[in-house]
Amino acid sequence: MDSNDSWTWPKRPTDATEFDQMMDSVDRHLARRDLTPPQRSLHAIRLISMALNLSGITFLGVGVVRGEPFSPSDLLPRVFDWYDETYGERNKIDLSLGYVVLPLRDTYWTLQIPFGCGVVEPFIDRSLANVGRQRGTRMHPATLNVLTCLRGITQAYAELLSNDELTHVMKAYSRGYVAMRTLGEMRGHQLFDQAKGDYRHSVEALSAGDALSKARWDNAQCAEKIFKGLLAQAGQEFPTSGRRGHDIAHLGRLISTTFGSSIPNGKLCDIHCPAAIRYGEINVDMHEAWTSHAALIDTLLHLRTIALTLRENTSQP
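Please read all numbers here as calculations on a predicted model, not as lab measurements. (Residues numbered from 1 in each chain as written. Predicted model: local features only at pLDDT ≥ 70, side-chain atom pairs only at ≥ 80, totals over all residues. Heavy atoms only, no water.)

**Notes on the pattern of salt bridges**
The following threshold applies: Salt bridge criterion: a side-chain nitrogen from Lys or Arg within 4 Å of a carboxyl oxygen from Asp or Glu. Comment: elements are numbered from the N terminus, with helices defined as DSSP H or I runs of at least four residues and strands as E runs of at least two. Think of it in three bands: residues with accessible area under 20% of the maximum for their type are buried, residues over 50% are exposed, and the middle band is partly exposed, with areas taken using a 1.4 Å probe on protein chains only.
A complete count under the given rule lists 13 salt bridges for this structure. Measuring nitrogen to oxygen at the nearest pair gives 3.3 Å for the salt bridge that ties K11 to E18. Between R40 and D27 there is a salt bridge, and its shortest N-O distance comes to 3.3 Å. Here D27 lies in helix 1 (residues 16–32) and R40 lies in helix 2 (residues 37–52), a separation of 13 residues in the sequence. Overall, the relative accessible area of 10% leaves R40 in the buried class. Among the charged side chains, a network of salt bridges with common partners joins R175, K267 and D298.

The structure is reproduced here in structure tokens:
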């Protein structure tokens, strides 16, 4: 367990006083980790879920039958209520691990990868009314209809999708889930936080479709900072300036040499972004921008074992 996960609580609160005491404790713990209010609620959910052995999906809170006050099904939504009431406007957050972009019927869609606690089993159903089981138990884990995660999808569009297209969405979710967990769990170096910001900005630009040069540039910046952060954690020297310092293929080969995990060179070349693109001297189309994005997702899948090993090593006393 990560040293930052050391917070514990003895039992599930049964009234408002006990709940407020628990929330004050976990919020102070997260504040001491220098997390801002918008960052704390998801971390609070994770820590409370581990301490009290709870599970469920946290981004589908609206309209959920929560049960008795302070019951297991009520407690996680109550944590979000507490942060909303306590921090107000300062608590606006996006309740997801991240987003990936995928082509579907010649249109590009943004797929949300929701934040979940415990076991969440994905499935796919054309009926968007079937969101799945939003609160899990030991016998019946939470479930999620992946199709509802496509941003802006309508029931009419869902009905058009073939079985192969549904499989395509499910594969995009499965790959995106692993990639977003890998990126989200990278800690211990300031470059990782910067890389997460670059990824978010890249997806926003790609989803908008009108800043494709920026999408490609931010995507490459994300990969560069991930590679350099991993190399720095391993004590491996790497170029910090000049052409080599921004050469994704070269940095990727250093990753392969250092960790023994070969990243396909074609993926590295797809991610690399010449400076001319950044300055608008070379046009970028939607397919090219998405190809770079998809290559970064593939690269994150290759890096998962490396990232987990480094995290375990850095968390040991």
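Following the structure, the description resumes.
**Let's talk about the packing of helix 1 against helix 2**
For clarity, the cut-off: In this analysis an axis means a line fitted to C-alpha atoms, helices contributing only their contacting stretch, and an angle means the value between N-to-C directions, from 0 to 180 degrees. Roughly parallel means an angle under 35 degrees; roughly antiparallel means over 145; roughly perpendicular covers 65 to 115; every other angle is labelled oblique. Each crossing gets its handedness from the near helix: less than a right angle anticlockwise from the far helix is left-handed, clockwise is right-handed. Should any heavy atoms of two residues lie within 4.5 Å, those residues are considered in contact. The classification used treats Ala, Val, Leu, Ile, Met, Phe, Trp, Tyr, Cys and Pro as nonpolar, Asp, Glu, Lys and Arg as charged, and all other residues, Gly among them, as polar.
Packing of helix 1 against helix 2 brings their axes to within 10 Å, and their N-to-C directions diverge by 120°. Regarding the angle of helix 1 to helix 2, the classification is oblique. The interaxial crossing formed by helix 1 with helix 2 has right-handed handedness. When helix 1 is examined against helix 2, the residues M22, M23, V26, D27, H29, L30 and A31 are found in contact with a partner set consisting of R40, H43, A44, L47, I48 and L52. A per-class count over the contact of helix 1 with helix 2 returns 9 nonpolar, 2 polar and 2 charged.

**A short note on the packing of aromatic side chains**
Two aromatic rings, taken as a pair, are described by how far apart their centres are and by the angle between their planes. Using the following cut-off: Stacked, edge-to-face and tilted are the three classes for Phe, Tyr and Trp ring pairs, Trp counted by its six-membered ring, which pair at centre distances within 6.5 Å; planes under 30 degrees apart are stacked, over 60 edge-to-face, the rest tilted.
In the structure shown here, the tally under the stated rule is 8 aromatic pairs. When the ring of F19 is compared with that of F70, the centres are 6.1 Å apart and the planes differ by 55°; the resulting orientation is tilted. Of this pair, F19 sits in helix 1 while F70 sits in the loop between strand 1 (56–57) and helix 3 (72–87), placing them 51 residues apart in sequence. In this structure, F19 and F70 share a single accessibility class: buried. Ring geometry for W109 versus Y157: centroids 4.6 Å apart, planes at 50°, classification tilted. In this pair, W109 sits in strand 3 (residues 107–114) while Y157 sits in helix 4 (residues 155–160), placing the two residues 48 residues apart along the sequence. Per residue, the accessibility class of W109 equals that of Y157, and both read buried. Within the aromatic cluster, the residues linked to one another by ring pairs are W82, Y83 and Y87.

**As for the confidence of the model for the chain**
Put simply, the rule is: pLDDT gives the predictor's per-residue confidence on a scale running from 0 to 100.
On average, the chain scores 88 in pLDDT, and the residues at 70 or more come to 91%. Helix 4 holds the highest mean pLDDT among the elements of the chain, 97, whereas strand 1 holds the lowest, 56.

**Details of the state of the cysteines**
Note the following rule: Our working definition of a disulfide is a cysteine sulfur pair at a distance within 2.5 Å.
Here the structure, examined in full by the defined rule, presents 0 disulfides. Free of any disulfide, C273 has its nearest neighbouring cysteine sulfur in C222, separated by 13 Å. Relative accessible area serves as the criterion here: at 7%, C273 is assigned to the buried category.

**Notes on helix 9 (residues 248–259)**
Under the convention used in this document: Expected helix span is taken as 1.5 Å per residue step, with the number of steps being one fewer than the number of residues.
The terminal C-alpha atoms of helix 9 lie 16 Å apart, and with 12 residues this matches the ideal 16 Å at 1.5 Å per residue to within 8%. What helix 9 keeps buried is the set I248, A249, H250, L251, G252, L254, I255 and S256.

**Re helix 5 (residues 163–184)**
Helix length check: helix 5 (22 residues) gives 31 Å between terminal C-alpha atoms against 32 Å at 1.5 Å per residue, within 8%. Along helix 5, the residues that are buried comprise E165, L166, V169, M170, A172, Y173, G176, A179, M180, T182 and L183.

**Topic: the packing of helix 7 (residues 212–233) against helix 9**
Two numbers describe how helix 7 lies on helix 9: the axes approach to 10 Å, and their chain directions differ by 30°. If you check the angle between helix 7 and helix 9, you find them roughly parallel. The interaxial crossing formed by helix 7 with helix 9 has left-handed handedness. Residues A220, A223, E224, F227, K228, L230 and L231 of helix 7 lie in contact with helix 9, whose contacting residues are I248, L251, G252, L254, I255, T258 and F259. Considering only residue class, the contact of helix 7 with helix 9 consists of 10 nonpolar, 2 polar and 2 charged.

**Some remarks on the nonpolar core**
Where we set the bar: In these notes, a set of buried Ala, Val, Leu, Ile, Met, Phe, Trp, Tyr and Cys residues joined through side-chain atoms within 4.5 Å is what counts as a nonpolar core.
Of all hydrophobic cores here, the largest spans 65 residues; its most connected members are L111 and I226. Broken down by element, this core gets its largest block of residues, 11 residues, from helix 12 (residues 286–315). Residues within four places of I226 in sequence aside, it is in contact with L183, M186, F192, A195, L300 and L303.

**Observations concerning the side chain of R216**
On the secondary structure map, R216 appears in helix 7. Residue R216 is classed as buried on the basis of its relative accessible area of 5%. Residue contacts for R216: discarding those within four places in its chain leaves D270, I271, H272, C273, I277, V284, E288, A289 and S292.

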